[in-house]
Amino acid sequence: MHKLYSNKKVIFTLMAPGLFVFAAAILAPILLSVYYGFTDYSGIGKSSFIGLDNYKTLFQDSVFWTALRNSLFLAIGFICIQHPLAMLTAIKLDKLQGKAEGLFRCIFFIPNVISVAVIAYLWKFIYNPNFGLVTKVLKNLGFTGQLNLLGSGNAIWSVLIVLIWHGFGWGMLIYYTGVKNIDPVMYEAASIDGANGRDIFFHITLPLMKPVIQVNVTMAVIAALKQMETVYLLTAGGPGNETQFMASYLYKQAFQSYKYGYGNSISVMFIVICLISTVALNRIFAERGE
Amino acid sequence: MDKSAIATIRNNPGRVLTITVMTIIAGIQMFPLIWLIDFSLCNSNELFTNGILVWPKKIQWVNYVLAFTNGNFFHYLKNSLLINTLAVVLVLIISIMAAFACSRMEWKLKHAASILMVMGMMIPVHATLLPNYVIYDKLGITDTIWALLIPYVAFSLPQGFFLTTSFMSSIPKELEEAALIDGCGIYRILAIIIFPLMKSSIVTVSIMTYLNNWNEFMLAITYLSSKKWKTLPFAILEFTGQYSSNYAVQFAVMALSAAPALIIYIILNKHITKGVALGAVKG
Amino acid sequence: MKKRQIGMLLCAAAAAITLAGCGSGKTKTEDTKAGQESSKETGKESSQAAAGGDVVIKVFSNLPDRTSGQGLIEQTLFDQYMEKNPNVKIQVEALDDESYKTKFKAYASGSDMPDLVNAWGQPSFLDEVIDAGLLAELNPADYNDYGFIQGALDGFSKDGKLYGLARNTDVMAFYYNKSMFEKYGVKVPETYDDLLAAVNTFKAAGVIPVSMDGSDKWPLSIYINALYQQYNGSTSSKEIREAVKTGDYSNEAWTKSLDQLKKSIDAGIFQTGFETTDYATSMNLFTNGQAAMYYMGSWEMSMATNENIPEEIRNNIGVFNMPAVEGGKGTKTDLTAWNGGGHAVTANSKVKAEAIKLLNYMYQPENWSKLCWEKGVCMSAQNFSQYLTGKETALQLEFVDKVNNATSISGVTFNDLGTNQFKTVSEDASVEFAIGQLTAKDFTDKLAGAMKK
């Protein structure tokens with residue numbers, strides 16, 4: 001049997017497509033990106049090698065740091081706002097049973113299924129100070145001013161709200177499956193010992209959900225870093241460059257200014273940051289783990 | 001004995017409260033969409049009135065008719081279906097093959113190879129947007145189905161591989177051992193024993209891949225130009241350009257574009273939940 | 001051993017593809033398409049003119065709406081040309097401005113540019129494109145009889161060579177809703193202070209004074225340019241060019257214009273959230289009667305004939321120039337106008353001669369120039385006085401009047417006078433200044449710094 005399972009030819013055949021796709025569609029463009037990041041290529045015409053100049057500019061580029069800050073805000077927003085809400089909802093949902101449970105679970109996930117283009121466009125409308133939903137609701141409540149929700153200072157929070165709303169279903173679903181995995185026997189045992197609701201939550205539910213929490217938190221941080229399409233459609237990184245995220249910024253530099261080389265250096269930096277974050281998160285969770 | 005602390009709550013005030021809260025949350029989740037559908041049935045001018053939800057004076061089905069006929073809605077829908085289905089099939093085949101190699105076969109580099117396969121998850125897609133354009137252009141495949149198919153497969157593969165591997169590890173080895181005694185080769189084992197057992201995982205991977213790629217448009221805009229291969233998101237983008245003053249029609253297009261994914265989701269809802277359970281939690 | 005083979009496979013794949021990509025940066029003028037033609041699997045017909053066979057001309061347009069406005073006219077002319085030349089097929093790809101610019105760059109970095117493209121006769125767009133040898137040279141003598149207005153083709157020329165033809169005369173002005181003005185007793189502002197008074201009146205009545213497309217940024221830049229002209233007078237065009245080139249913004253007209261803009265915004269001249277209002281929404285605010293005025297260009301004169309706009313509005317649109325400022329040297333005959341949109345043929349086009357023929361056909365005065373005027377869509381960059389039908393909309397006539405009586409025009413505005421990078425910086429700065437993130441000095445510093453790179 002061992003011989004069969006170590007047959008080199010078979011292994012090669014099985015692995016080749018996957019590795020080939022990886023090399024061709026992921027590794028190759030990254031290598032190319034690294035190359036361009038060292039040039040001043042504008043997207044057309046000639047380019048020349050300029051070494052680390054792009055990276056030097058990058059570190060002094062305030063928009064780059066704004067983008068990182070925005071990702072940080074988003075990650076915190078996910079972890080501190082969306083996840084607790086999602087977890088509580090999941091737990092309550094689990095207890096509901098019956099048709100209601102299935103129905104609600106289905107409804108909560110719906111925004112996730114809708115295209116980002118629709119979501120962004122819709123929310124742009126909702127936020128419109130002149131005839132948007134928010135303004136109308138406020139008017140009906142007696143507030144007559146007009147909130148410029150996508151204006152300077154407010155924009156990033158408005159964007160965060162949309163992103164948190166959009167991802168709520170997904171986070172909730174994952175916590176839900178985590179909760180479902182907890183054996184009800186645990187609860188019975190605990191209540192026999194006289195534990196109340198809060199004790200059960202903190203001493204049984206939460207610890208047993210740890211692997212799920214880890215998965216969710218990791219995904220949240222990565223998602224916060226990778227954010228692009230929603231913000232691009234909602235504010236295009238504006239006003240000014242306040243709501244830029246790394247992916248939308250690199251798109252702007254490469255495709256809207258003639259700064260292809262610089263855009264690629266942002267790209268490379270971006271990948272490096274994603275990799276470091278993933279590894280760091282894995283380390284943190286591994287240490288805390290069983 | 002106070003049993004109300006246990007999981008099931010039936011017919012008591014706690015349940016009523018919970019349902020109320022859930023309904024509020026459901027409302028928040030759904031409201032923008034309800035708003036969308038409401039105004040897609042109105043005349044564009046009614047948007048500027050003061051109501052939050054407006055009952056249209058005359059239901060403007062014409063908005064939907066326009067959305068259907070004027071855009072290339074069916075053509076784009078067809079393309080989306082084609083590209084996404086192909087992507088799913090490819091991801092499945094490649095994932096299962098690679099997962100088997102990495103979880104069952106014995107070779108020195110299997111751990112390293114696994115890491116490579118999963119690495120894609122950490123790479124942001126948009127970082128490859130520009131260089132891929134150059135590469136595809138050189139290969140002459142921009143504006144073809146390959147320009148989308150390759151990145152879609154490539155970026156859904158890590159996730160697919162991950163889910164498939166973790167599921168496969170839970171399949172007991174005894175079945176394979178029995179097959180081996182009967183004289184099966186590796187490929188037959190894969191096809192006859194492993195594959196049928198992977199049903200849940202296959203459903204999960206299919207759904208995840210679909211969700212990843214169905215609504216994707218950044219790559220589509222950059223790599224595609226002619227009508228031939230454009231996907232569904234283009235319908236929205238083109239309409240908002242063309243009917244810029246008629247918001248109601250734009251809303252109708254958005255509602256129509258959201259419909260296919262929504263319908264499929266509602267039908268397959270149970271599977272998705274099960275899939276997420278197996279995938280994300282077992283990881 | 002197995003791992004060596006896998007490793008080699010990976011390296012080979014990555015290397016081959018990377019090398020393929022690396023090479024693209026240098027060789028722009030060469031075209032090695034022979035091998036690629038056979039591997040293409042799209043429905044692209046061969047774009048090589050076989051002997052006596054079909055010719056396919058690929059057009060890349062920035063006019064996505066083919067059913068009205070300039071898009072309709074462009075399409076009409078294409079259809080007419082195809083009728084007259086049955087062996088020619090014209091394939092059109094049309095995107096909105098922003099997507100167009102992005103895709104254009106993607107095309108420019110690749111090898112498959114369309115044959116006939118929209119082009120803006122501004123340094124920020126053309127300079128780098130021409131330097132990379134992407135556009136075909138045209139013979140200026142061919143166009144002597146086309147009636148191009150004096151200076152219209154300057155924006156499309158570099159080093160004495162012509163690379164494109166101008167299709168629009170664009171004038172930036174305030175559209176206003178005549179019935180709203182009447183209702184609130186507001187007269188067309190003669191001075192800028194009049195305008196500010198009107199702003200107050202409209203605000204008190206709950207009406208948006210001026211609808212501004214801030215999300216596109218360039219309207220704000222043009223507003224600043226227009227104010228500069230009012231402060232500085234008829235020599236502004238030359239001086240602005242100098243300033244952009246040398247980075248010297250010491251002329252006090254800059255500070256005065258910026259301060260005036262700030263004052264206006266603080267007084268509430270634009271709608272709340274103007275900095276994120278996009279093109280369509282800002283126009284809709286005006287055409288739906290929520291804004292009394294709309295700052296935009298003459299290419300929107302087709303509002304007067306657009307059936308989607310309620311009649312009581314589209315029949316009541318008037319237009320006025322940036323009003324004179326106190327102590328300024330400019331008057332209302334100093335126009336903020338330029339020849340922006342146009343077409344060009346790409347240098348590496350396989351059907352270059354055919355594409356140029358199509359281009360020439362389009363720009364024959366009885367085609368583009370006549371049609372776009374007759375349909376009330378826009379003003380061409382050619383003399384169209386012989387096409388005045390007497391059935392023009394009032395709006396059209398007002399624009400013609402302004403152009404004919406102009407004592408000076410701005411030409412391309414400052415944001416488009418530099419490199420593409422300068423455009424991004426100056427336009428971002430315009431918005432950032434407008435929302436109060438920059439001071440006037442920051443603004444000019446940024447602009448000065450942007451050209452030095």
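Treat the numbers as computed from the prediction; the structure is a model and nothing was measured.

## What about the overall build of chain B?
Of the regular secondary structure elements, chain B holds twelve helices and zero strands. Helices and strands appear in chain B in the N-to-C order α-α-α-α-α-α-α-α-α-α-α-α. Taking all 283 residues of chain B together, 58% fall into the buried category. For chain B, long-range pairs separated by at least 24 residues make up 71% of all intrachain contacts whose partners lie at least 6 apart in sequence. Accessible area of chain B: about 11,800 Å², with a carbon and sulfur share of 70%.

## Focus on the overall build of chain A
Within chain A, the regular secondary structure consists of 14 helices and zero strands. Its helices and strands taken in sequence order, chain A reads α-α-α-α-α-α-α-α-α-α-α-α-α-α from the N to the C terminus. Principal axes of the C-alpha set define a box for chain A whose edges measure 80 × 75 × 30 Å. Across the 290 residues in chain A, those meeting the buried criterion constitute 62%. When the accessible surface of chain A is summed, it comes to about 11,300 Å², and 66% of that surface belongs to carbon and sulfur atoms.

## Looking at the packing of aromatic side chains
How two aromatic rings sit relative to each other is set out by the distance from centre to centre and by the angle between their planes. Per the stated rule, a full pass over the model turns up 58 aromatic pairs over all chains. Between B:Tyr136 and B:Tyr223, the aromatic rings sit 5.3 Å apart at their centres with planes inclined by 75°, giving edge-to-face as the arrangement. With B:Tyr136 in helix H5 (residues 129-139) and B:Tyr223 in helix H10 (residues 218-223), the pair connects residues that are 87 residues apart, well separated along the chain. B:Tyr223 sits in the buried class, given a relative accessible area of 1%. Taken together, the aromatic side chains of C:Phe174, C:Tyr176, C:Phe181, C:Tyr184, C:Phe202, C:Tyr223, C:Phe270, C:Phe274, C:Tyr295 and C:Phe320 make up a single cluster linked through ring pairs. The aromatic ring of A:Tyr262 is capped on one face by A:Lys259, whose charged end is 4.7 Å from the ring centroid. Directly above the ring of C:Trp120 sits C:Lys101, whose terminal nitrogen or CZ lies 5.0 Å from the centroid.

## Description of the interface of chain A and chain B
At the junction of the two partners, chain A supplies 92 residues and chain B supplies 94 residues. In terms of residues, the side of chain A that touches chain B owes the most to one element, helix H2 (residues 8-37) of chain A, which gives 18 residues. Taken together, the residues that form the side of chain A that touches chain B break down as 64 nonpolar, 20 polar and eight charged.

## Some remarks on empty space enclosed by the protein
Going through the model one piece at a time under the given rule, you end up with eleven cavities of 30 Å³ or more. Approximately 190 Å³ is the volume found for the largest cavity. Lining the largest cavity are 14 residues, and of these A:Lys124, A:Asn128, C:Thr276, C:Asp278 and C:Thr281 lie nearest its centre. No other element matches the four residues that helix H6 (residues 116-127) of chain A contributes to the lining of the largest cavity. A breakdown of the residues in the lining of the largest cavity according to their chemical character gives seven nonpolar, five polar and two charged.

## Looking at the pairing of strand E13 (residues 341-345) of chain C
Residues and elements named next belong to chain C. Burial within E13 is extensive, with five of its five residues counted as buried. Neither face of E13 is open: one carries Gly 341, His 343 and Val 345, the other Gly 342 and Ala 344, and all of them are buried. One ladder, built from five bridges, connects strand E3 (residues 116-120) with E13; its direction is antiparallel. Paired with Leu 116 across the bridge in E13 is Val 345.

## Some details on helix H8 (residues 155-180) of chain A
Residues and elements named next belong to chain A. Under the 1.5 Å per step criterion, the end-to-end length of H8 is 38 Å for 26 residues, consistent within 8% with the ideal 38 Å. Considering bend angle alone, the principal kink of H8 is centred on Phe 168 and spans about 40°. Burial within H8 is extensive, with 23 of its 26 residues counted as buried.

## Observations regarding the domain arrangement of chain B
Residue and element names in this part refer to chain B. Considered domain by domain, chain B is made up of domain 1 (3-61) and domain 2 (66-282). On the side of domain 2, eight residues touch domain 1, which itself brings nine residues to the contact. Summed over the shared surface of domain 1 and domain 2, the number is zero salt bridges. Per-class residue counts for the side of domain 1 that touches domain 2 are six nonpolar, three polar and no charged.

## A short note on the side chain of C:Asp428
With respect to the secondary-structure elements, C:Asp428 resides in helix H16 (residues 420-434). A relative accessible area of 9% places C:Asp428 in the buried class. The contact partners of C:Asp428, leaving out residues within four places of it in the chain, are A:Asn241, A:Lys252 and C:Lys217.

## Some details on the pairing of strand E1 (residues 55-61) of chain C
Residue and element names in this part refer to chain C. With seven of seven residues buried, E1 lies mostly within the body of the structure. Side chains of E1 alternate between two faces, with Val 55, Ile 57, Val 59 and Ser 61 and Val 56, Lys 58 and Phe 60 buried alike. Following the chain from E1 across helix H3 (residues 69-84) to the adjacent parallel strand E2 (residues 88-94), one finds a crossover that is right-handed. Sheet analysis places E1 next to E3, joined by two bridges and oriented parallel.

## Observations concerning the sheet that holds E13(C)
Residue and element names in this part refer to chain C. Spatially, the five strands line up as an open sheet ordered E2-E1-E3-E13-E6, and their pairing is mixed. The open sheet has two free edges, formed respectively by E2 and strand E6 (165-166), since each of these has just one partner strand. Contacting E1, E2, E3 and E13, H3 crosses the sheet at an angle of about 165° to E2. Most of the contacts of helix H13 (residues 352-363) go to E13, to which it runs at about 155°, and overall it touches E1, E2, E3, E6 and E13.

## Some remarks on unusual backbone geometry
All names here are of chain C. Notably, Asp 159 is not glycine yet its phi reads approximately 50°, a positive angle. Mapped onto the fold, Asp 159 is located in the loop between strand E4 (157-158) and strand E5 (161-162). Of note, Lys 217 is a non-glycine position whose phi angle comes to about 70°, a positive value. The residue Lys 217 is located in the loop between strand E8 (208-211) and helix H8 (218-232) in this model. Judged by relative accessible area, Lys 217 falls into the buried class, the value being 17%.

## What to know about the pattern of salt bridges
Under the counting rule described, the total for this entry stands at 15 salt bridges over all chains. Residue C:Asp428 is joined to A:Lys252 by a salt bridge in which the shortest nitrogen-to-oxygen separation is 3.2 Å. Here C:Asp428, found in helix H16, pairs with A:Lys252, found in helix H13 (residues 246-256), and the two come from separate chains. Through salt bridges with shared partners, a single ionic network connects A:Lys252, C:Lys217 and C:Asp428.

## Describing the nonpolar core
With 257 residues, the main nonpolar core has A:Met15, B:Phe100, B:Met105, B:Ile189, C:Phe104, C:Tyr143 and C:Leu165 as its most contacted residues. At 16 residues, the largest contribution of residues to this core is made by helix H3 (residues 73-103) of chain B. In this structure, this core is formed jointly by two domains, domain 1 (3-61) and domain 2 (66-282) of chain B, each of which donates at least three residues. Discounting chain neighbours no more than four positions away, the residues touching B:Ile189 are A:Tyr5, B:Phe100, B:Glu176, B:Ala179, B:Leu180, B:Cys184 and B:Ile194. Residues C:Val210, C:Leu220, C:Tyr228 and C:Val325 belong to the second largest nonpolar core, which totals 83 residues.

## Observations concerning a nonpolar patch on the surface
Together, B:Ile263, B:Ile264, B:Ile267 and B:Leu268 make up a nonpolar patch on the protein surface, roughly 380 Å² of accessible area in all. Of note, B:Ile267 is situated in helix H12 (residues 247-282).

## Describing the packing of H8(A) against helix H11 (residues 210-226) of chain A
Residues and elements named next belong to chain A. Their axes nearest at 9 Å, the elements H8 and H11 cross at an angle of 165°. If you check the angle between H8 and H11, you find them roughly antiparallel. Remark: the crossing between H8 and H11 carries right-handed chirality. Residues Trp 170, Gly 171, Ile 174, Tyr 175 and Gly 178 of H8 touch H11, and the partners they reach there are Val 212, Ile 213, Asn 216 and Met 219. Each residue belonging to the contact of H8 with H11 can be placed in one class, and the counts come to six nonpolar, three polar and no charged.

## Observations concerning the environment of C:Asp79
All names here are of chain C. In this fold, Asp 79 is placed in helix H3. When its relative accessible area of 36% is taken as the criterion, Asp 79 is described as partly exposed. Sequence separation of Asp 79 and Lys 89 is ten residues, and the distance between their C-alpha atoms is 9.4 Å.

## What to know about the confidence of the model for chain B
Residue and element names in this part refer to chain B. Averaged over every residue, the pLDDT of chain B is 79; residues scoring 70 or more account for 88%. Averaged pLDDT values for the elements of chain B fall to 75 in helix H11 (residues 232-242) and rise to 90 in H3. Residue range residues 1-9 is modelled with pLDDT below 50. Its contacts to residues more than four positions away, or to other chains, number ten contacts. Under the prediction, the complex receives an ipTM of 0.76, its pTM being 0.79.

Cut-offs and rules
Residues numbered from 1 in each chain as written. Chains lettered and ligands numbered in written order. Predicted model: local features only at pLDDT ≥ 70, side-chain atom pairs only at ≥ 80, totals over all residues. Heavy atoms only, no water. Helix = DSSP H or I, 4+ residues; strand = E, 2+ residues; numbered from the N terminus. Buried < 20%, exposed > 50% of the residue type's maximum accessible area, 1.4 Å probe, protein only. Contact = heavy atoms within 4.5 Å. Areas by Shrake-Rupley, 256 points an atom, 1.4 Å probe, with all protein chains shown as cover. Phe/Tyr/Trp six-rings, centres within 6.5 Å; stacked < 30°, edge-to-face > 60°. Lys NZ or Arg CZ within 6 Å of the ring centre and 35° of its normal. Nonpolar A, V, L, I, M, F, W, Y, C, P; charged D, E, K, R; others polar. 1 Å grid on protein atoms, 1.4 Å probe; cavity = no way out; pocket = protein on both sides within 12 Å on 5 of 7 lines; lining within 4 Å. Points joined across faces, edges and corners; volume = space filled by probe spheres on them. Pairing = 2+ DSSP bridges. Expected span 1.5 Å × (residues − 1). Bend = angle between axes of the 7 residues up to and from the residue. Domains from an automatic or database assignment. Salt bridge = Lys/Arg side-chain N within 4 Å of Asp/Glu carboxyl O. Right-handed = clockwise from strand over helix to strand, strands pointing away. Axes fitted to C-alpha atoms, helices over the stretch in contact; angles between N-to-C directions. Core = buried A, V, L, I, M, F, W, Y, C linked by side-chain atoms within 4.5 Å. Patch = residues over 30% accessible without salt bridge, like charges linked within 9 Å, V, L, I, M, F, W, Y side chains within 5 Å. Parallel < 35°, antiparallel > 145°, perpendicular 65-115°, else oblique. Left-handed = near helix turned anticlockwise from the far one by under 90°. pLDDT = per-residue confidence, 0-100.

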